[in-house]
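Tertiary structure, described
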Amino acid sequence: MAGKKTAKVPRAAYEQELLRLQTELVKLQEWVRAEGTRLVVVFEGRDAAGKGGTIKRASEHLNPRVARTVALPKPTERERTQWYFQRYVEHLPAAGEIVLLDRSWYNRAGVEHVMGFCTKEEYQLFLRQCPIFERMLVEEGILLRKYWFSVSDTEQQKRFRQRLKDPTRRWKLSPMDLESITRWEAYSRAKDEMLVHTDISEAPWFVVESDDKRRARLNMIAHLLSSVPYHEVPPPVLKLPPRPPSTGYQRPPRDLQTYVPDHAASL
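In this text, all values refer to a predicted model and were calculated from it rather than measured experimentally.

**A short note on the overall build of the chain**
The secondary structure content of the chain amounts to 10 helices and 5 strands. In terms of its C-alpha atoms, the chain occupies a principal-axis envelope of roughly 75 × 50 × 45 Å. Within the chain, residue pairs in contact and separated by at least 24 positions form 81% of the contacts whose partners lie at least 6 positions apart. When the accessible area of the chain is evaluated, it comes to approximately 16,500 Å², of which 55% is carbon and sulfur surface.

Below, the structure is given as structure tokens:
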């Protein structure tokens, strides 16, 4: 369950603060690039908890060559035979990069465990190896931040119903998501067990109350910024050069090229 009911953040205040935080994220990005830092941000939580929307707002103004979102599909047959963490390792950042993981290796502690997609032995092995794996990342110098988005059962069902009615968001709802409704307590137990084993001092979990999406986005981004010792990197001084005079070049006639129809004119 999420925490106690609080008033929703007013839209005007939300948009103003979001823009300020997004501006700070750009400063963080430039610091990461200048310092050669490697930053990994893990987004986990129940279905419809608001992870995707938060990632979109966090990355909206970032350079995709520096900050990229990774959302892996289910493993291939070949990947199933690999060490479990192997396919995630190749997506870790190099110097000067940020990786936002829209779900991560914690799939094994959640959906795979609850839905029976892994064996009990594989699940127990994950719980033993995960803290070791994350300590290795931190010892290597990677900044690792882990966020769990917590949503109440009533709010989750409300969002599911909205997705069913909205053709632009219908793709977000899968049979697996609907199955999670009937396994609410199983997912709760799995999450609690996961935290017991993986909430380590080197890479602690931070819970984001997400019944109010606006509040969750602001809180998560603000916390991330506060947890990284970045500073503003002065941008290079740029000046637009004067446009050179024409040398007599003539563009070809418009009828030699195919233009898209002016759909906007019909509005």
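**Looking at the pattern of salt bridges**
Across all of its chains, the model carries 18 salt bridges by this definition. Measuring nitrogen to oxygen at the nearest pair gives 3.5 Å for the salt bridge that ties Arg87 to Glu79. Within this structure, Glu24, Lys27 and Glu232 form a network of salt bridges that share partners.

**Regarding a positive patch on the surface**
On the surface, Lys8, Lys158, Arg161 and Lys165 cluster together into a patch of positive charge. As for its placement among the helices and strands, Arg161 is situated in helix α7 (residues 153-165).

**Here we look at the nonpolar core**
One broad trend across soluble globular proteins is that nonpolar side chains are buried collectively. Core analysis: the largest hydrophobic core is formed by 30 residues, its most contacted members being Leu25, Leu28, Val41, Met220 and Ile221. Of all the secondary structure elements, the ones that give two or more residues to this core are α1 (11-35), β1 (38-45), α2 (51-59), β3 (97-102), β4 (143-150) and α10 (213-227). No other element matches the 7 residues that α1 contributes to this core. Leaving out residues up to four positions away in the same chain, Leu25 has contacts with Ala58, Leu62, Ile221, Leu224 and Leu225.

**Quick look at empty space enclosed by the protein**
Throughout the structure, instances matching the rule amount to 1 cavity of 30 Å³ or more. When its volume is computed, the largest cavity comes out at roughly 90 Å³. Leu25, Leu28, Leu39, Val41, Phe43, Ala58, Leu62, Ile98, Leu100, Met220 and Leu224 are the residues that line the largest cavity. Looking at the lining of the largest cavity, the elements with two or more residues in it are α1, β1, β3 and α10. For the lining of the largest cavity, the element with the most residues is β1, which contributes 3 residues. Residues of the lining of the largest cavity, tallied by class, amount to 11 nonpolar, no polar and no charged.

**What about the sheet that holds strand β5 (residues 205-209)?**
Read from one edge to the other, the open sheet built from 5 strands follows the order β2-β3-β1-β4-β5, with strand pairing classed as parallel. The sheet is open, and its two edges are formed by β2 (67-70) and β5, each paired on a single side. On average, each strand axis in the sheet is tilted by 20° relative to the strand beside it, whichever way the strands run. Relative to β3, β1 runs parallel, the two sharing 6 bridges. Paired with Phe43 across the strands is Asp102, a residue of β3.

**Focus: unusual backbone geometry**
Positioned with a positive phi, Ala48 is a non-glycine residue whose angle comes to about 65°. Here the phi dihedral of Arg103 falls at roughly 70°; this positive angle occurs in a residue that is not glycine. Mapped onto the fold, Arg103 is located in the loop between β3 and α5 (111-115). Classification of Arg103 as partly exposed rests on a relative accessible area of 24%.

**Let's talk about the side chain of Thr37**
Among the structural elements, Thr37 can be located in the loop between α1 and β1. Sequence-distant contacts of Thr37, that is, excluding residues within four places in its chain, are made with Trp31, Val32, Ala94, Ala95, Gly96, Glu97 and Leu143.

**Concerning the packing of helix α6 (residues 120-139) against helix α9 (residues 184-198)**
Contact geometry of α6 with α9 gives a least axis separation of 9 Å together with a crossing angle of 40°. Looking at the two axes, α6 sits oblique to α9. By crossing handedness, the relation of α6 to α9 is classed as right-handed. Within the contact between the two elements, α6 uses Tyr123, Leu127, Cys130, Pro131 and Glu134 and α9 uses Glu193, His197 and Thr198.

**Focus on the environment of Val89**
Within the fold, Val89 resides in helix α4 (residues 86-89). With relative accessibility at 37%, the residue Val89 sits in the partly exposed group. Along the primary structure Val89 and Lys74 are separated by 15 residues, whereas in three dimensions their C-alpha atoms are 16 Å apart. Residues within four places of Val89 in sequence aside, it is in contact with Trp83 and Phe133.

Calculation notes
- Residues numbered from 1 in each chain as written.
- Predicted model: local features only at pLDDT ≥ 70, side-chain atom pairs only at ≥ 80, totals over all residues.
- Heavy atoms only, no water.
- Helix = DSSP H or I, 4+ residues; strand = E, 2+ residues; numbered from the N terminus.
- Contact = heavy atoms within 4.5 Å.
- Areas by Shrake-Rupley, 256 points an atom, 1.4 Å probe, with all protein chains shown as cover.
- Salt bridge = Lys/Arg side-chain N within 4 Å of Asp/Glu carboxyl O.
- Patch = residues over 30% accessible without salt bridge, like charges linked within 9 Å, V, L, I, M, F, W, Y side chains within 5 Å.
- Lys, Arg positive; Asp, Glu negative; His and termini not counted.
- Charge placed at Lys NZ, Arg CZ, Asp CG, Glu CD.
- Core = buried A, V, L, I, M, F, W, Y, C linked by side-chain atoms within 4.5 Å.
- Buried < 20%, exposed > 50% of the residue type's maximum accessible area, 1.4 Å probe, protein only.
- 1 Å grid on protein atoms, 1.4 Å probe; cavity = no way out; pocket = protein on both sides within 12 Å on 5 of 7 lines; lining within 4 Å.
- Points joined across faces, edges and corners; volume = space filled by probe spheres on them.
- Nonpolar A, V, L, I, M, F, W, Y, C, P; charged D, E, K, R; others polar.
- Pairing = 2+ DSSP bridges.
- Axes fitted to C-alpha atoms, helices over the stretch in contact; angles between N-to-C directions.
- Parallel < 35°, antiparallel > 145°, perpendicular 65-115°, else oblique.
- Left-handed = near helix turned anticlockwise from the far one by under 90°.

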